[in-house]
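What the coordinates show
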Amino acid sequence: MGFSSTSVPAVHPADFQFRCIACGHLSDSASRDFRCAACRDLLEITYPAWKQRKPEPEPLTSLWRNRRTLMNDADLSGVWRFRELLPAVDEAQIVTLREGNTPLYRLPRCARSLGMPQLLAKHQGMNPTGSFKDTGMTVAATFARRAGFHWVACASTGNTSASMAAYAARGGMRSLVLVPEGKISWSKLSQALDYGALTCQLRTDFDGCLGLLQQLVLRAPVYQLNSINPFRLEGQKTIALELLEQLEWEPPNHIIVPGGNLGNSSAIGKALVETRDLGLISQLPKLSVIQAAGANALARTVREGGKRLVAVQPDTRATAIRIGSPASWKKAVQALEATGGACEEVSEIEIAQAKAEIGAEGIGCEPASAVTLAGLKRLLKRGFVKPAETVVLVLTGHSLKDPDYTIDFHRGELFRGTADESAATALGPLRHPPIVLDAMLDAVLRVLDQAEKS
Ligand code: F0G
């Protein structure tokens, strides 16, 4: 196959339209960079059919619940189970790995220490490739294949590439991954390799990779699967739908998500507004976004009025959200405004502590996900969240996504040689370093005895 731009398949319209989030321009098809033909801003998917015939709430919720007992591919997926709120596709065309259907856990120890009656965590790390990306990828990969693309591509801090590579392999497509060299975890890189992606480690950061991808898709017949692609966000909406279903359509007071490139907060915000407009819920939960202090573009943007992106030079050990110029910042600002949510930033020490506390619940998550618990503490402190309110943390990635971070933390090496070194000593009680011993019964009994006394 030659990479001449004339051989690029079109993205076909169906029951939905693309709407520009800035100028409102509507179109039946999207350009390959998924930007508005009139003003170049981002597109979102909208469903004109809902205006004529609104889906009825009650039959919908029963239908979605009943599908959990069925055995065909579309119903076994925790994304396509909600297909009435997704772009229509022939079921035989769906590319799925049985994503979604993730657990909603209680975090009793964290709740107790925060003086809250209960605290919930929706664990997106329990998806097939270990992150929330799978919920969006099943939809976007399906539409990539349906449009006839042979190649899909993304820029990534690791999870998107792992997910894209898996869904591309599943759907019989080839995948191109652009990741920042040295700034993604080996686990995530290994997934992309395992699933057969053509993987390029670029000497730049995530923002540099994404900028390059945006140029590439205009030059080669490659379908971009970053969250700029609005099909991704339609799939990620189901995180909120499933969460609301698990709460019997009684919305929580707060949903808290990490913020990186800001696709996920945008998707969840869109789902909440749509479910409210369709009458599935009566009031909107407040959606809050938490960032690492070293990658706090949205927090700064919001502080400065939310009209203009304040980009930053990102730096955080939570590499998944090491992003300085988030593509979907405008959608995220709209989600914060629509739901009345807040944006917070948290320090590296706060992230490490929160991650260890989620681990101690027997659940675990990757560092980027732990910002949600760290952010909740801040939101409680400033009175934005009340202890009696229902709060759901969205844990975006599995604990095994970044084992180096966890091992460095428990061995006391995470902050060695950094400005946080002395402050990190306060985290000592949360650390459980491995102990090297001679293979002797007495030696093991001694450490067991010491542990029992401590
Ligand atoms: N949590 C994890 C584990 C992530 O991998 C990401 C983003 C986020 C949170 C932030 O989500 O970008 O929608 O605001 N990871 C992307 C990637 C950027 O390439 O894997 P967001």
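In this text, all values refer to a predicted model and were calculated from it rather than measured experimentally. (Residues numbered from 1 in each chain as written. Predicted model: local features only at pLDDT ≥ 70, side-chain atom pairs only at ≥ 80, totals over all residues. Heavy atoms only, no water.)

Considerations on the state of the cysteines
By the definition in use, this model includes zero disulfides. Cysteine Cys154 remains unbridged, with the sulfur of Cys209 as its closest cysteine sulfur at 9.5 Å. (Disulfide = S-S within 2.5 Å.)

Here's the deal with unusual backbone geometry
Glycine aside, a negative phi is what most residues show, and trans is what most peptide bonds show. Phi is positive for Phe34, close to 50 degrees, though the residue is something other than glycine. With respect to the helices, strands and loops of the structure, Phe34 is situated in the loop between β2 (26–27) and β3 (43–46). Accessibility expressed as a relative area gives 1% for Phe34, which makes it buried. Even without glycine at this site, Leu262 takes up a positive phi of about 75 degrees. Of note, Leu262 is situated in the loop between β10 (254–258) and α10 (263–277). (Helix = DSSP H or I, 4+ residues; strand = E, 2+ residues; numbered from the N terminus. Buried < 20%, exposed > 50% of the residue type's maximum accessible area, 1.4 Å probe, protein only.)

Concerning the pattern of salt bridges
Under the defined criterion, the tally for this structure stands at 24 salt bridges. Arg67 serves as the salt-bridge partner of Glu84, at 2.7 Å between the closest nitrogen and oxygen. Linking Glu84 in the loop between α3 (73–76) and β4 (104–106) with Arg67 in the loop between α2 (57–66) and α3, this pair joins segments that are 17 residues apart in sequence. Given the relative accessible area of 7%, Arg67 is considered buried. By sharing partners, the salt bridges in this structure join Arg67, Asp75, Arg83, Glu84 and Glu91 into a single network. (Salt bridge = Lys/Arg side-chain N within 4 Å of Asp/Glu carboxyl O.)

Thoughts on the pairing of strand β11 (residues 286–292)
With six of seven residues buried, β11 lies mostly within the body of the structure. Pairing between β10 and β11: five bridges, direction parallel. Within the sheet, the bridge partner assigned to Val257 lies in β11 and is Val289. Read as a crossover between parallel neighbours, the route from β10 over α10 to β11 is right-handed. (Pairing = 2+ DSSP bridges. Right-handed = clockwise from strand over helix to strand, strands pointing away.)

Observations regarding the confidence of the model for the protein
Summary statistics for the protein give a mean pLDDT of 95 and a share of 97% for residues scoring 70 or more. Across residues 1–13, confidence stays below pLDDT 50; counting only partners more than four residues off in sequence or on other chains, it has 32 contacts. (pLDDT = per-residue confidence, 0-100. Contact = heavy atoms within 4.5 Å.)

What about the site of the ligand?
Residues in contact with the ligand amount to 20 residues; listed here are only the nearest, Ser156, Gly260, Asn261, Leu262 and Thr396. Residue Ser156 places a side-chain N or O atom 2.7 Å away from an oxygen atom belonging to the ligand. Take Gly263: an N or O atom from its main chain is 3.1 Å from an oxygen atom of the ligand. Protein contact buries 99% of the 470 Å² of open area that the ligand shows by itself. By residue class, the composition of the shell around the ligand is seven nonpolar, 11 polar and two charged. (Near = heavy atom within 4 Å. Polar contact = N/O pair within 3.5 Å; in protein donor to acceptor, adjacent residues only side chain to side chain. Areas by Shrake-Rupley, 256 points an atom, 1.4 Å probe, with all protein chains shown as cover. Nonpolar A, V, L, I, M, F, W, Y, C, P; charged D, E, K, R; others polar.)

Topic: the nonpolar core
Counting residues in each nonpolar core, the largest one holds 98 residues, and the members touching the most others are Trp80, Tyr223 and Phe231. Contact partners of Trp80, with chain neighbours within four places excluded, come to Arg67, Ala74, Leu86, Pro87, Val89, Ile94, Glu99, Thr138, Val139, Thr142 and Phe143. By size, the runner-up hydrophobic cluster in this structure holds 40 residues, among which are Ala352, Ala374, Phe409 and Leu427. (Core = buried A, V, L, I, M, F, W, Y, C linked by side-chain atoms within 4.5 Å.)

A short note on helix α7 (residues 186–194)
Where α7 is concerned, the buried positions are Ser187, Lys188, Leu189, Gln191 and Ala192. On its buried face, α7 is in contact with α6 (159–171), β7 (174–180), β8 (198–202) and α15 (403–410). Just downstream of α7, Gly196 is the residue with a positive phi angle, here 90 degrees.

Describing the sheet that holds β4
Strands sit in the order β4-β5-β13-β10-β11-β12 across an open sheet of six strands; the sheet is mixed. Edge positions in the open sheet fall to β4 and β12 (343–346), since each of these has one partner strand only. Each adjacent strand pair in this sheet contributes to an overall mean axis angle of 30 degrees, direction not counted. Sheet analysis places β11 next to β12, joined by four bridges and oriented parallel. (Axes fitted to C-alpha atoms, helices over the stretch in contact; angles between N-to-C directions.)

Brief notes about the environment of Tyr405
When you line up the elements, Tyr405 lands in helix α15. Spatially, the C-alpha atom of Tyr405 lies 22 Å from that of Leu178, the residues being 227 residues apart in sequence. Ignoring any residue separated from it by four or fewer positions in sequence, one finds Tyr405 in contact with Arg317, Glu348, Ile351, Ala352, Lys355, Pro367 and Leu414.

Here we look at the packing of helix α5 (residues 133–146) against α6
Contact pair α5 / α6: the axes reach a minimum separation of 9 Å and the direction vectors enclose 45 degrees. On the basis of their axis angle, the class for α5 and α6 is oblique. α5 and α6 meet at a crossing whose hand is right-handed. Of α6, the residues touching α5 (which contributes Lys133, Asp134, Met137, Thr138, Ala141 and Arg145) are Asn159, Thr160, Ser163, Met164, Tyr167 and Gly171. (Parallel < 35°, antiparallel > 145°, perpendicular 65-115°, else oblique. Left-handed = near helix turned anticlockwise from the far one by under 90°.)

A short note on the packing of aromatic side chains
If you walk through the whole model with that rule in mind, you get 10 aromatic pairs. Note on Phe16 and Phe143: the rings are 6.0 Å apart at their centroids and 85 degrees apart in plane angle, and the pair reads as edge-to-face. Taken together, the positions of Phe16 in the segment before β1 (17–20) and Phe143 in helix α5 put the pair 127 residues apart, joining distant regions of the chain. Assigned by exposure class, Phe16 and Phe143 land together as buried. An aromatic cluster is defined as three or more aromatic residues linked by ring pairs; in this entry it consists of Phe16, Phe18, Phe143 and Phe231. (Phe/Tyr/Trp six-rings, centres within 6.5 Å; stacked < 30°, edge-to-face > 60°.)

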